[in-house]
Amino acid sequence: MIRIGYELWVDQINAQGGLLGRQVRLVLYDDQSNLDNVKAHYRTLIETDRVDLLLSPYGSPATMAASDISEANHYVMIACAAASETVYSRGYRYLFGLYAPADRYCIGFLDLLARNGMTRAAIVYEQSAFHESIFKGFQRWAGIFGIDTVFSKSFPNSAPQFGAIVDGLRKVAPEALVVTAYPPQGYAFLESLKTTAMRPPALFLTIAPIHPDFYQKAGPIAEGIFGPSNWEPIESIPFPGTKQFVRDFVDKTGYLPSYHATAAYAACHLIERAVRETASLDHDKIREFIFRLDTVSIMGRFKVDETGQQVGHNPMLIQWQQGKKEIVYPAKMRTAAPIFHRQKK
């Protein structure tokens, strides 16, 4: 999705004559989800390919690795897929975030739980900076909303064993369960829930539910699952350019974009704006422009703090209902009311 977002922007800007009078060429390397590869590829992009601008990789771990190289070379990077606050706590000056901070991903879900009289929640999370940030945010906001954390457990991102975790969840019988993991482990955890018939009234999962094929991949357990989203392909969302972007993306691919594609496309447009406004490829000038920018992109508001972390954008909450993704929070963007799968007595 991210690659397609980048490619769509390149296609469009070149059709308009390019950037600063030059056609844009996209140089891509496959890091194979290996952080050593990430660093090696970004060194190649800067030292061998001598690119003018950098785009970010996917995920907080890869972005941390890539930004080590970009920062050392004073290259601006807008991280289009990194929400962990750890990414922005290193004192880097040329790195800027686009996503809402990970520690805010559970706010909408916890707010809905409190409004619906649920007070007992559990959380399980993958061992990575991004998911640990979500866990810390969950703890903080659960306390604010008066929700007790009755169970919490982390698991490794390689060959995790979910049996003991599911047994622990069955014993405490939470009203709500938050599962924060990258898609491979997220789907695996759902399989564990299915085999044990463990299903709390409110089930929240990160990342996987925002993809258009989630309902098909997950099967019946997908019905009613909540998930955080930074953006949705709904034309009624009041962000400039949303309608046209959705139509252009569908024309190019045949399917709807996820927020990953949208973030990639938005990051490109923000960099493009900085280059055009400064009439320069000087990264100090680009950095200063982006740092002071307060605007609205197709993703929503863009504004960063002194660390480069995004503070203008907030996530929404989606839920799968009858095979369709609906926005259930915030109220001003709601396309359907939330549904809780309470057990019949």
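For the structure, check the block above.
Calculation notes
- Residues numbered from 1 in each chain as written.
- Predicted model: local features only at pLDDT ≥ 70, side-chain atom pairs only at ≥ 80, totals over all residues.
- Heavy atoms only, no water.
- 1 Å grid on protein atoms, 1.4 Å probe; cavity = no way out; pocket = protein on both sides within 12 Å on 5 of 7 lines; lining within 4 Å.
- Points joined across faces, edges and corners; volume = space filled by probe spheres on them.
- Nonpolar A, V, L, I, M, F, W, Y, C, P; charged D, E, K, R; others polar.
- Core = buried A, V, L, I, M, F, W, Y, C linked by side-chain atoms within 4.5 Å.
- Buried < 20%, exposed > 50% of the residue type's maximum accessible area, 1.4 Å probe, protein only.
- Helix = DSSP H or I, 4+ residues; strand = E, 2+ residues; numbered from the N terminus.
- Contact = heavy atoms within 4.5 Å.
- Phe/Tyr/Trp six-rings, centres within 6.5 Å; stacked < 30°, edge-to-face > 60°.
- Lys NZ or Arg CZ within 6 Å of the ring centre and 35° of its normal.
- Polar contact = N/O pair within 3.5 Å; in protein donor to acceptor, adjacent residues only side chain to side chain.
- Salt bridge = Lys/Arg side-chain N within 4 Å of Asp/Glu carboxyl O.

(A) Layout of empty space enclosed by the protein. Applying the stated criterion to the full structure yields 1 cavity of 30 Å³ or more. Here the largest cavity is characterised by a volume of approximately 90 Å³. Residues belonging to the lining of the largest cavity are distributed by class as follows: 10 nonpolar, 3 polar and no charged.

(B) Spatial organisation of the nonpolar core. Residues F189 and F214 are the most contacted members of the largest nonpolar core, which totals 104 residues. Here this core takes 12 residues from helix α10 (residues 259–278), the largest share from any one element. Beyond its immediate chain neighbours, meaning those up to four positions away, F189 contacts V124, F162, I165, V166, L169, L177 and V179. In this structure, A66, I69, A79 and A82 belong to the second largest nonpolar core, which totals 17 residues.

(C) Local environment of the packing of aromatic side chains. Taken as a whole, this structure holds 17 aromatic pairs when the rule is applied. A centroid spacing of 5.7 Å and a plane angle of 80° characterise the contact between Y105 and F130, whose relative ring orientation is edge-to-face. With Y105 in the loop between β2 (95–97) and α4 (107–115) and F130 in helix α5 (residues 129–144), this residue pair connects regions lying 25 residues apart in the sequence. Positioned above the aromatic ring of F291, the side-chain terminus of R287 is 4.9 Å from the ring centre.

(D) Fine view of the layout of surface pockets. The volume enclosed by the second largest pocket comes to roughly 340 Å³. The wall of the second largest pocket is formed by 17 residues, among which H313, N314, P315, M316 and P330 lie closest to the centre. Its residues placed into classes, the lining of the second largest pocket shows 10 nonpolar, 4 polar and 3 charged.

(E) Molecular detail of the environment of I4. By the secondary structure assignment, I4 is in helix α1 (residues 2–15). The class for I4 is buried, based on a relative accessible area of 10%. Taking the C-alpha atoms as reference points, I4 and Y125, 121 residues apart in sequence, are found 29 Å from one another. Filtering out sequence-adjacent residues up to four positions away, I4 remains in contact with F249, K252, T253 and Y255.

(F) Unusual backbone geometry, seen in detail. The omega torsion across Y329 and P330 is 5°, close enough to zero to call that bond cis. Within the fold, P330 resides in the segment after β11 (324–329). The residue H74 is not glycine, and still its phi comes out positive at about 60°. With respect to the secondary-structure elements, H74 resides in the loop between α3 (60–72) and β1 (77–79).

(G) Focus on the side chain of N14. Mapped onto the fold, N14 is located in helix α1. For N14, a relative accessible area of 18% translates into the label buried. Reaching out from N14, the side chain makes a polar contact with the backbone nitrogen of V24 at a distance of 2.6 Å. Apart from residues lying up to four places away in sequence, N14 is in contact with Q23 and V24.

(H) Examining the pattern of salt bridges more closely. The full count for this structure, using the stated rule, is 14 salt bridges. A salt bridge links E232 to K325; its shortest N-O distance comes to 2.8 Å. Taken together, the residues span a long stretch of sequence, with E232 in the loop between β7 (226–229) and α9 (242–253) and K325 in strand β11 at a distance of 93 residues. Relative accessible area serves as the criterion here: at 4%, E232 is assigned to the buried category. The class of K325 is buried, set by a relative accessible area of 15%.

(I) Local environment of the environment of R22. On the secondary structure map, R22 appears in the loop between α1 and α2 (35–48). Judged by relative accessible area, R22 falls into the partly exposed class, the value being 45%. Here R22 is in contact with G17, D52 and L281, once residues within four sequence places are set aside. Here the side chain of R22 touches D52 through a polar contact of 2.8 Å, side chain to side chain.

(J) Quick peek at the side chain of H283. Structurally, H283 is set in helix α11 (residues 283–292). Within the structure, H283 has its side chain in polar contact with the backbone nitrogen of V76 (distance 2.8 Å). When sequence neighbours within four positions are dropped, the list of residues in contact with H283 reads D52, L53, H74, Y75, V76 and Y94.

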